[in-house]
Structure formats: structure tokens, C-alpha cells
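Here is what each chain is made of, one letter per residue.
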Amino acid sequence: MRHDAHAQHTQPEHHSQHGPVSWSMAARATLHCLTGCAIGEVLGMVIGTALGWGNLPTMILAIILAFFFGYSLTLRAVLRAGVGVRTAVRVALAADTLSIAVMELVDNGVLLLWPGAMDAHLADAMFWWVLAIALVAAFVITTPVNKWMIGRGMGHAVVHQYHH
């Protein structure tokens, strides 16, 4: 009985008449990536702003840290499953690269295009609410990307096999 229950659980329960992957699963994968991206984005902006850097170096730092923290969260989860470091790094890269790249493109695009956003300081309300809007936009636009990738066995579908 237990074996049958496990077999049922491991089979895709996300199949519906609308496709093999649920929006809920895609949203969870996107939220996972967005958490790491948001940590990196905010930390990069805080560091760059606190150091008095210009917009470009601050944005570059924020993007680098977004990728770092995005990958780190996945890496941590996969390593907990007992996978070796080399394999875990490959899984994290395969799972998150496109998702993080789309998020960063959208997030930073909103910040660049929003009038005054790039000149806002940490103490300005505009800094925080435009960042929040940018992160929401990144989530909304990246969720369908993740749904498409998971449906093709890519992205967080690769990570899912290590979650037990």
C-alpha cells in the first residue's frame, strides 16, 4: 500500500485538461526563484547605494547577487537531498538560469523605465514601492516561463526529483 501511495505521488498530479503542469506548481517555482532574486536585488541596491556607487555598478552588483542567492537557495535544497556538490551545482544552474534571467530582465527593466526610480534613495518611499512593483511584474511574467519549462522537464522539474 505504501509503495502504491508513493507511486501515485511521484506521478505528475498536475495533469489537467489545460496541460501537464499546474499554474500553482509554476507559481511555487517562480516564488522560489524570486525569493533569491529579491534578496540579491535588495542587498545589491543597499550596498551600492550605501557606498555611493552610480546606477550602473549598483545594478550590476544587484544582478550578480540575485543570481548568487537564486542559485544558492536551490543548491541548498538539492544538497540537503544528499546529492554531491558538482551535481547540485549543475542542477541549480539548469533549474534557475532562465528563470532568474527573465526575472532580472523584467525587474531591472521596470526600474530603468520608471521615471525617477533609478535616482531614488533607500530612505525614499519610491525606492521601495517601485522595487515591489518590479518584483511583482517579474513574478507575473516569469511564471508562464517556468510553467513552460517544467512542462518540458526543465527548470524546477529537474529540482523536483530531489524533493522527497
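The sections below set out a description of the structure shown in this document. For clarity, every value in this text was computed on a predicted model and none was experimentally measured.

## Regarding the state of the cysteines
Working step 1: Considering all chains together, one arrives at 0 disulfides under this definition.
Working step 2: Cysteine 37 provides the cysteine sulfur closest to cysteine 33, a residue in no disulfide bond, and the two sulfurs are 6.3 Å apart.

## A short note on the nonpolar core
Working step 1: Counting residues in each nonpolar core, the largest one holds 23 residues, and the members touching the most others are Met45, Met103, Leu111 and Leu131.
Working step 2: Per-element accounting of this core gives the leading share, 7 residues, to helix α4 (residues 85-113).
Working step 3: Residues contacting methionine 45, with those up to four places away along its chain left out, are Thr58, Ala62, Leu111, Leu122, Phe127 and Leu131.

## Things to note about the packing of helix α3 (residues 55-80) against α4
Working step 1: Running from amino to carboxyl end, α3 crosses α4 at an angle of 145 degrees, the nearest separation of the two axes being 8 Å. When you trace α3 past α4, the crossing you get is right-handed.
Working step 2: Across the contact of α3 with α4, the residue classes tally to 19 nonpolar, 4 polar and 2 charged.

## Side note on the layout of surface pockets
Working step 1: Here the largest pocket is characterised by a volume of approximately 290 Å³.
Working step 2: Every residue lining the largest pocket is counted, 20 residues in all, and those nearest its centre are Thr49, Asn55, Thr58, Met118 and Ala120.
Working step 3: Only α2 (23-50), α3, α4 and α5 (125-151) provide two or more residues apiece to the lining of the largest pocket.

## Structural notes on α3
Working step 1: Helix length check: α3, at 26 residues, gives a terminal C-alpha distance of 37 Å against a target of 38 Å (1.5 Å per residue), a fit within 8%.
Working step 2: Of all the positions in α3, only Thr58, Met59, Leu61, Ala62, Leu65, Ala66, Gly70, Tyr71, Thr74, Ala77 and Val78 are classed as buried.
Working step 3: Glycine 82 lies just past α3 and shows a positive phi near 90 degrees.

## A short note on α4
Since the α-helix turns once every 3.6 residues, residues separated by three or four places project in the same direction.
Working step 1: If you check α4, its first and last C-alpha atoms are 39 Å apart, about what 29 residues at 1.5 Å a residue would give, namely 42 Å.
Working step 2: The largest bend in α4 comes to about 45 degrees, at aspartate 96.

## Describing the side chain of threonine 30
Working step 1: One can find threonine 30 in helix α2.
Working step 2: At 2.8 Å, the side chain of threonine 30 forms a polar contact with the backbone oxygen of alanine 26.

## Examining the environment of isoleucine 133
Working step 1: Counting through the fold element by element, isoleucine 133 comes out in helix α5.
Working step 2: You can call isoleucine 133 partly exposed: its relative accessible area is 36%.
Working step 3: For the pair isoleucine 133 and valine 110, spaced 23 residues apart in sequence, the C-alpha separation works out to 8.1 Å.

Definitions and cut-offs
Residues numbered from 1 in each chain as written. Predicted model: local features only at pLDDT ≥ 70, side-chain atom pairs only at ≥ 80, totals over all residues. Heavy atoms only, no water. Disulfide = S-S within 2.5 Å. Core = buried A, V, L, I, M, F, W, Y, C linked by side-chain atoms within 4.5 Å. Buried < 20%, exposed > 50% of the residue type's maximum accessible area, 1.4 Å probe, protein only. Helix = DSSP H or I, 4+ residues; strand = E, 2+ residues; numbered from the N terminus. Contact = heavy atoms within 4.5 Å. Axes fitted to C-alpha atoms, helices over the stretch in contact; angles between N-to-C directions. Left-handed = near helix turned anticlockwise from the far one by under 90°. Nonpolar A, V, L, I, M, F, W, Y, C, P; charged D, E, K, R; others polar. 1 Å grid on protein atoms, 1.4 Å probe; cavity = no way out; pocket = protein on both sides within 12 Å on 5 of 7 lines; lining within 4 Å. Points joined across faces, edges and corners; volume = space filled by probe spheres on them. Expected span 1.5 Å × (residues − 1). Bend = angle between axes of the 7 residues up to and from the residue. Polar contact = N/O pair within 3.5 Å; in protein donor to acceptor, adjacent residues only side chain to side chain.

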